[in-house]
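Coordinates in review
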Amino acid sequence: MRSAGSASLGPMFAAASFLTVALMLQPAAAQERTLTALVEDATLVSWPVLEELARDFEARHAGVRVELLSLGGASGTQDKVKFMLAGDLPLDLIRIDVTEAAAFLAEEALLDLQPHFDADVGWDPSSIFSAPLAACRDAEEHLFGLPQTFTPYVMYVNRDLLARTGLAAPGADWTWEDFLALARAGTRDTDGDGRTDEFGISLTQWLQAVVPWVWQNGGELLDAGGTRSRMDEPGFAGALAFLRELLFEERVASFDATFAGQLSQGLFQAGRALFYGPVGYWETYRFQHIDAFAWDVLPLPRGERAATSVAMGIYVVPRTAREPELAYAFLREVLCGMRYQQLMAEIGNGVPGLVAAARSESFLANPAAPPSVEVFLDVMDDARFMPPLANWRKIESLCQAELEGVLLTGATSAAAGARAMAAKTDAFLGRERARHGRRRLPSGAMALALSVSLLALGAVFLARRGPAPPAARAREERHAYGMITLWALGFVAFLFGPAVVSLVLSLCEWSPLRPFGDMGFVGGANYARLASDPTFHASLSATAAYAALAVPAGLVVALALALLLRSPSTLAGIVRTACYVPAILSPVIVAAVWRFVFDADDGLINRQLRAFGAAGVAWLREPNAVVPAFALMAVWGIGAQMLVFLAALQAIDPALEEAARVDGAGPWRRFWHVILPALTPVVLFNLVTGTIAAFQVFAQPYVMTQGGPGDASRFLVLYLYESGFRHLDMGYASAIAWVLFVILGVLSLTLLASARHWVHYAGRARG
Amino acid sequence: MARVELTGISKRYTGGTVALDAVDLEVAAGEFLVLVGPSGCGKSTLLRIVAGLVEASAGDVRFDGESVVGLEAGQRDVAMVFQNYALYPHMSVAKNLAFPLRLAGVARAERRRRVAETAELLGLTELLKRKPAQLSGGQMQRVAVGRAIVRNPRVFLFDEPLSNLDAKLRGEMRGELRALHERLGITTLYVTHDQAEAMTLGSRVCVLESGRILQVGNPLEVFERPAARFVAGFIGSPPMNLVAGVARDGVFEAGTLRLPTAAPAGPLVLGVRPHDIEIGADGSEAEVIDVERLGTSTQLVCALGPVRLTLACEGHVTTERGERLRLRPRPERLHWFDPESGARVPT
Ligand SMILES: Nc1ncnc2c1ncn2[C@@H]1O[C@H](COP(=O)(O)OP(=O)(O)OP(=O)(O)O)[C@@H](O)[C@H]1O
Ligand SMILES: [Mg+2]
């Protein structure tokens, strides 16, 4: 069994069912050899071309079938690969982000392709850009993959706004000072309302976009060996301080509005920012339809030195691949062939890794590209990849919260933020080092744990069953057992079993990229880490705050709606249905819809607020607003609770209310003395289920904020998910799951125990 | 204690059901009036209009000459006992009794006193701490009555309060209610579909059918001189025999039955109570087709050609099925009704 979730958790379930379905869809018995590739999203324009290449490949390799799976969109992309690898699904060729390569290498999850390259007479290393190719080599200089496309981070510029500043256009070696002067000149309050309308720069600020400033400032992220962070050194903190100054003192910068789930086009696209960046080639695709102004790209300004970072997708072969030769052959054909690489350039995916494709018309004369498209090639001299020393996804998400504290909310000073980032990174690196010395979980331990707990389950069952019943009853019982067998099997296989596995996992360290048996035993270390993990604490309090807001508000609104809608009129029927619809919508769709509501610029709420003269709230960007915003969303979705209340209201004997009316009770006292007491069992039910649901909120923050700003909406299950599938730390994720389980258990039992004092069960005596 | 007057009360529910059709009724102060009629005839509707729980479509309700139309139920100073008691399930008996007082703003000490007094009166003192779910049907009934009288209202309304009790308890409660009314003397409207209850309880009985009042009068009057064929069939147990026939030259004919009548010639309905038929040497010949022995009395169903007559004899009779008898309805105890209108034909 390979599923690693806890019984009570939605996302883990989603993963488990995904794996199950995927397993079932596997062809029963493949006569032919199948090459399974997960390298591209089916919605992309390039998908048909990839399919064509696959058919070509099949034509030239008899008995081979190429199966292309779709990566799926956006932020889930990297997770799908890991789900499938964790589920032992056959993948022969995958695309990963180069920043993830180190993590895959550390787990020995990638196949060393050097022997294949060595044996490949047609292979010419100089056909691929050298720096990107170098990033595909491991510590022994062996190639483990090839670049698909890459893009250095550059600066986009609005040339019309630039002309209006009256200052000279920056040259290729412009400096921070030049940049600051221009940014100041480009910042204007055009309508004189005291609010800045045009900004010098719309600033991006995820780690990879911030790191160029650090490098330019002489700073580093890690030391050469990758053992210690250098984020607390002046080069790093100074760069942060510079950016912070742009945002909060000079006020010439606004953070990039496309960040944090904002739907509206960014400031740059709206013609309200002189510069936009640092950001990659992919934006050209988004900006190609801008007619309102002329735009171009520039190298990033230089500080002490010129530097930029590079984003890159690479094709790699998992160690578990069943058809490594075919995978290598297909990878070579696709990535070293002009057809696909030129298309990648044409659709704005990035700079093709293949030099010939990048030097072709497809890239240099792409109508979608900016006039100075060659900047993307020129800056490669100063470009650096994130050092392939560590799990960058982990470090990035560790630091993202701090970065947002410094740059988004301004709550943290640059120096303090830098120190915190350094401390978090060092703690992480320390744990990574310690891993190698760790004892492995003895083989058979997991099986032992499973058998023991199954025996215990059986024992509990037998003990509760009591003495053998008389023959007639026994037969009846046998029938009953026959009927529940299927369910019981499901319970053991999909709930009890995984729960036990996750309990064992919580005492271990295991990456889903490793074989299942290969886990290090750490005892209570995961739990100890939780106790001192600031992110977990933030997550816990965000979750508690969310539950404390969403659950009572939801109850009150659901009850109020039920009371309003209980009369059997047609209108009430329609409104009832309308209120119930959100409850049956997928949370992902709900989240997508609510982004329109919460959008800081164009959102429904802010527009209304502004119409009344109030200032809008950046709902998803304000640490103090984001939890209430999610609670508001939760209240919107209380249809199911309302339905339960309605059913309960309908079950109240109407004579009770009439009796109260005759006794002289007005509407409020009838509610308080007659209806509410009769509803208390349902209130308890909704309270308990609502609390459990609130503590498990996942999809909405996953879609809308990814936990930000800072850790303000990093709710427990989201953090669990990130720990497991982003940070590849399944043991820690399991520990979170169990803590969550205990919290929910304690909360539920407390609520149920408190019921003695306030819940009235009609027709049943209470002490 | 109030005089209750209903004038021209009609009720049409949304959906078109006409539950009441121009009902006029007056209940004297301190009177115990029983509304009786078959299921669905509008008894509850009438009661609820008085209570203020249902608004009449037309007509006026006056207490002591003052219209209460438009007053909320709670402002009318009426108390109501429901068929299923409608006790507040989460309140103890004491709290249930105190609830109307609490709503009326009666001070705590006074409240306690009156609850104790009422509990004493109804024998509920032992039960004050219990919840309704811990009470028997009879006890719940008593609490419901207690909750009604504790406020000393102007009008009591009972909607089939005894129908959920078994026969023995029902008999006891009937007696208690009667005693209670005598003691408190509060104007009472009491709904039932049980004619025996109507006969034993009320100082007056009002028979309703299809939203219309057929007869109002004291129980004996209604029993002795039913104003309509429906009343005749509804009041009395076993029910009155109603035989359709024809009057011709002063003789009523139906099957082999021949009876003298003063009614004018034409179709006619004969009504005769089972107790008012004698078995004798003369009279119409009939065959016994069913014998039902009830202990203190025996019911015989006899066939006179196509006509069926039920007769009730005191005590135990030896008559067997298939025997032939001669039947003679007592001439002074015959009732005549118009088959069209159902109205009593005066003789
Ligand atoms: N709320 C209502 N809406 C529509 N029709 C109603 C409503 N309440 C009662 N009715 C109808 O009005 C008529 C009289 O009802 P009512 O309850 O007064 O009869 P009832 O004499 O009390 O009968 P029962 O002895 O069965 O209680 C019935 O036909 C009933 O179906
Ligand atoms: Mg009724």
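Now for a quick tour of the structure. No experiment lies behind these values; they were computed from the predicted model shown. (Residues numbered from 1 in each chain as written. Chains lettered and ligands numbered in written order. Predicted model: local features only at pLDDT ≥ 70, side-chain atom pairs only at ≥ 80, totals over all residues. Heavy atoms only, no water.)

1. Side note on helix α19 (residues 445-465) of chain A
Residue and element names in this part refer to chain A. The first and last C-alpha atoms of α19 sit 30 Å apart over 21 residues, in line with the 30 Å expected at 1.5 Å per residue. Of the residues making up α19, those classed as buried are M446, L450 and S453. What you see down the axis of α19 is that its buried residues fit within an arc of 75°, all on one side. For α19, exposure combined with an orientation more than 90 degrees from the buried face picks out L448, V452, L455, L462 and A463. Where the residues of α19 are buried, they touch α20 (471-505). Of the residues trailing α19, G466 is marked for its positive phi of about 80°. (Helix = DSSP H or I, 4+ residues; strand = E, 2+ residues; numbered from the N terminus. Expected span 1.5 Å × (residues − 1). Buried < 20%, exposed > 50% of the residue type's maximum accessible area, 1.4 Å probe, protein only. Arc of directions from axis to C-beta. Contact = heavy atoms within 4.5 Å.)

2. Things to note about the sheet that holds strand β11 (residues 241-248) of chain B
All names here are of chain B. One open sheet holds the 5 strands; their spatial order is β13-β12-β11-β14-β19, and the pairing between them is antiparallel. The sheet is open, and its two borders are formed by β13 (257-260) and β19 (335-337), each paired with just one other strand. Going across the sheet, the axis of each strand differs from the next one's by a mean of 35°, ignoring polarity. With 4 bridges connecting them, strand β12 (residues 251-254) and β13 associate as antiparallel partners. Its bridge partner being in β13, V251 is matched across the sheet by P260. (Pairing = 2+ DSSP bridges. Axes fitted to C-alpha atoms, helices over the stretch in contact; angles between N-to-C directions.)

3. Section: the side chain of S713 of chain A
Residues and elements named next belong to chain A. Mapping S713 onto the fold places it in the loop between α30 (699-704) and α31 (716-726). Classification of S713 as buried rests on a relative accessible area of 0%. Non-local contacts of S713, meaning those with residues more than four positions away in its chain, are made with V626, F630, P701, T705, G707, G708 and L718.

4. A word on helix α9 (residues 207-216) of chain A
Residues and elements named next belong to chain A. Across the 10 residues that make up α9, a large majority, 10, are buried. Of the residues making up α9, those classed as buried are L207, Q208, A209, V210, V211, P212, W213, V214, W215 and Q216. Immediately beyond the C-terminal end of α9, within one or two residues, lies G218, with a positive phi of roughly 85°.

5. What to know about the pattern of salt bridges
Residues and elements named next belong to chain A. Throughout the structure, instances matching the rule amount to 52 salt bridges over all chains. R305 is the partner of E220 in a salt bridge, and the nearest nitrogen-oxygen pair spans 3.4 Å. Residue E220 is found in the loop between α9 and α10 (234-249), and its partner R305 is found in the loop between β9 (295-298) and β10 (308-316); the two are separated by 85 residues along the sequence. Residue E220 is classed as buried on the basis of its relative accessible area of 16%. (Salt bridge = Lys/Arg side-chain N within 4 Å of Asp/Glu carboxyl O.)

6. Quick word on the sheet that holds strand β3 (residues 32-36) of chain B
Residues and elements named next belong to chain B. Pairing in this open sheet of 6 strands is mixed, and the strands run β6-β7-β8-β3-β9-β10 from one edge to the other. The open sheet has two free edges, formed respectively by β6 (78-81) and β10 (212-217), since each of these has just one partner strand. Averaged over all pairs of adjacent strands, the angle between strand axes in this sheet comes to 15°, irrespective of strand direction. Running over the sheet, helix α4 (residues 137-149) touches β6 and β7 (155-159) and is turned about 175° from β6.

7. Regarding the site of ligand 1
Residues and elements named next belong to chain B. For ligand 1, the full set of nearby residues is Y13, T17, A19, P38, S39, G40, C41, G42, K43, S44, T45 and E160. Note that an oxygen atom of ligand 1 is positioned 2.7 Å from one of the backbone N or O atoms of G40. Counting residues per element, the shell around ligand 1 draws most heavily on helix α1 (residues 43-51), at 3 residues. When grouped by side-chain class, the residues that make up the shell around ligand 1 number 4 nonpolar, 6 polar and 2 charged. (Near = heavy atom within 4 Å. Polar contact = N/O pair within 3.5 Å; in protein donor to acceptor, adjacent residues only side chain to side chain. Nonpolar A, V, L, I, M, F, W, Y, C, P; charged D, E, K, R; others polar.)

8. Here's the deal with the packing of aromatic side chains
Residues and elements named next belong to chain A. Across all of its chains, the model carries 47 aromatic pairs over all chains by this definition. Relative to Y276, the ring of Y156 has its centre 6.2 Å away and its plane inclined at 55°; by these criteria the two rings are tilted. Residue Y156 is located in strand β5 (residues 154-158), and its partner Y276 is located in strand β8 (residues 273-279); the two are separated by 120 residues in the primary sequence. On the accessibility criterion, Y156 (0% relative accessible area) is buried. For Y276, a relative accessible area of 2% gives the class buried. Arranged with centres 5.1 Å apart and planes meeting at 40°, the rings of F268 and F287 form a pair that is tilted. Highlighted residues: F268 in the loop between β7 (253-255) and β8 and F287 in helix α11 (residues 282-287), separated in sequence by 19 residues. An aromatic cluster is present here, built from Y156, F268, Y276, F287, F293 and W295 joined pairwise through their rings. (Phe/Tyr/Trp six-rings, centres within 6.5 Å; stacked < 30°, edge-to-face > 60°.)

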